[in-house]
Amino acid sequence: MFFFASKLFWMIASPVNLLLFAALIGVLLCFGRRARFGRGLALIAILVLIAAATLPLGMLLIAPLEDRFPVPPQDLPPPEGIIVLGGAIDDGVSQARQETVFNEGGERVTEAVVLAKRYPQARVVYTSGSSSFTGQTSTEALQARKLMSQMGIAPERVTIEDKSRNTDENARFTAAIVHPQPSQRWIVATSAFHIPRAMGVFEKAGFNPIAYPVAFRTRGRWPDDLRLRFEPVLNLRTFEIAVHEWIGLLSYWASGRSDHVFPGPGDNA
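Treat the numbers as computed from the prediction; the structure is a model and nothing was measured.

1. Some thoughts on the environment of Ala63
Inspection of the secondary structure assignment puts Ala63 in helix 4 (residues 57-66). Here the alpha-carbon distance between Ala63 and Asp225, two residues 162 residues apart in the chain, equals 8.0 Å. The residues contacting Ala63, other than those within four sequence positions of it, are Thr218 and Trp222.

And the structure:
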């Protein structure tokens, strides 16, 4: 139920969709009795859209997420295993083109290969399923294991979990496979903006996780990150991702899927 509710909510409440819808409603109201309200609604929606497309609002929102957990040092003691969260591979295009096609999170796979070679005894788990309403199956985990094999990681090292539909299920379904123990440390690799929410649910699922943020969108330096960039598509995309992640953090905390509204490095100490 939570999965379907969250997907339906985001279809409606996606910031760009919501602003476009508000602008359209405002324009339509201009032709009726509530023309004044309609003009105000349309103007506000359009101004917010322009601001999100031209100003670094997305960077301002996403930077605290990406800076929440540091990248572990190179001399980190060997972990029990490396968990890679899906969302790195475009499943449909990869199947159509018969080759692995990355999306915005491709570094989840490439950095996982680096980690697997650095820690040759560590178990590797790739967790990814389909978020389709129709129950369509996903081959992303299989695609990832095949690519890792081509990059030098023995396929028998890579366990796949291909039933999860969201981050909470990534954690719970992976825990059901590997049965984590309190003394074990598991690296969790995912996009930097997604790390706080991932850490919250993996701790809740019984893991003693080590955050490994990848696929950064910010430089970690405020003056640079807040510079003006005339890249409206990229700015809107960053804004959309950041708002989605903050809403995800709040909803996971409110629904009991995470014990912290904004998980941080000291929460599982």
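This is not the end of the story, as more comes after the structure.
2. Concerning the sheet that holds strand 1 (residues 81-85)
Strand order in the open sheet formed by five strands is 3-2-1-4-5, with parallel pairing between adjacent strands. Among the strands making up the open sheet, the edge pair consists of strand 3 (158-161) and strand 5 (209-214). Averaged over neighbouring strand pairs, the angle between their axes works out to 20° when direction is ignored. In the sheet, strand 4 (residues 186-191) pairs with strand 5 via six bridges, with the strands oriented parallel. Considered in strand 5, the bridge of Thr190 is made with Pro213. Running at roughly 165° to strand 3, helix 7 (residues 140-150) makes contact with strand 1, strand 2 (123-127) and strand 3 of the sheet. The sheet strands contacting helix 9 (residues 195-204) are strand 1, strand 4 and strand 5, and the helix crosses strand 5 at an angle near 160°.

3. Re the pattern of salt bridges
This structure, assessed with the given rule, holds nine salt bridges. In this structure, Arg217 and Glu104 form a salt bridge, with 3.0 Å as the shortest nitrogen-oxygen distance. Of this pair, Arg217 sits in the loop between strand 5 and helix 10 (222-225) while Glu104 sits in the loop between helix 5 (91-97) and helix 6 (107-118); the two residues are 113 residues apart in sequence, bridging distant segments of the chain. Overall, the relative accessible area of 43% leaves Glu104 in the partly exposed class. Look at the salt bridges and you will find they share partners, linking Glu104, Arg217 and Arg237 into a network.

4. Concerning the packing of aromatic side chains
Summed over the entire model, instances satisfying the criterion amount to three aromatic pairs. Arranged with centres 5.9 Å apart and planes meeting at 85°, the rings of Trp186 and Phe207 form a pair that is edge-to-face. With Trp186 in strand 4 and Phe207 in the loop between helix 9 and strand 5, this residue pair connects regions lying 21 residues apart in the sequence. Considered together, Trp186 and Phe207 belong to a single accessibility category, that of buried residues. Consider the rings of Trp246 and Phe262, whose centres lie 5.0 Å apart with planes at 50°: the pair is tilted. With a gap of 16 residues between them, Trp246 in helix 11 (residues 232-254) and Phe262 in the segment after helix 11 connect regions that are remote in the sequence. Aromatic rings pair up to connect Trp186, Phe202 and Phe207 into one cluster. We note Arg34 situated over the ring of Phe37; from NZ or CZ to the ring centre the distance is 5.0 Å.

Criteria and cut-off values
- Residues numbered from 1 in each chain as written.
- Predicted model: local features only at pLDDT ≥ 70, side-chain atom pairs only at ≥ 80, totals over all residues.
- Heavy atoms only, no water.
- Helix = DSSP H or I, 4+ residues; strand = E, 2+ residues; numbered from the N terminus.
- Contact = heavy atoms within 4.5 Å.
- Pairing = 2+ DSSP bridges.
- Axes fitted to C-alpha atoms, helices over the stretch in contact; angles between N-to-C directions.
- Salt bridge = Lys/Arg side-chain N within 4 Å of Asp/Glu carboxyl O.
- Buried < 20%, exposed > 50% of the residue type's maximum accessible area, 1.4 Å probe, protein only.
- Phe/Tyr/Trp six-rings, centres within 6.5 Å; stacked < 30°, edge-to-face > 60°.
- Lys NZ or Arg CZ within 6 Å of the ring centre and 35° of its normal.

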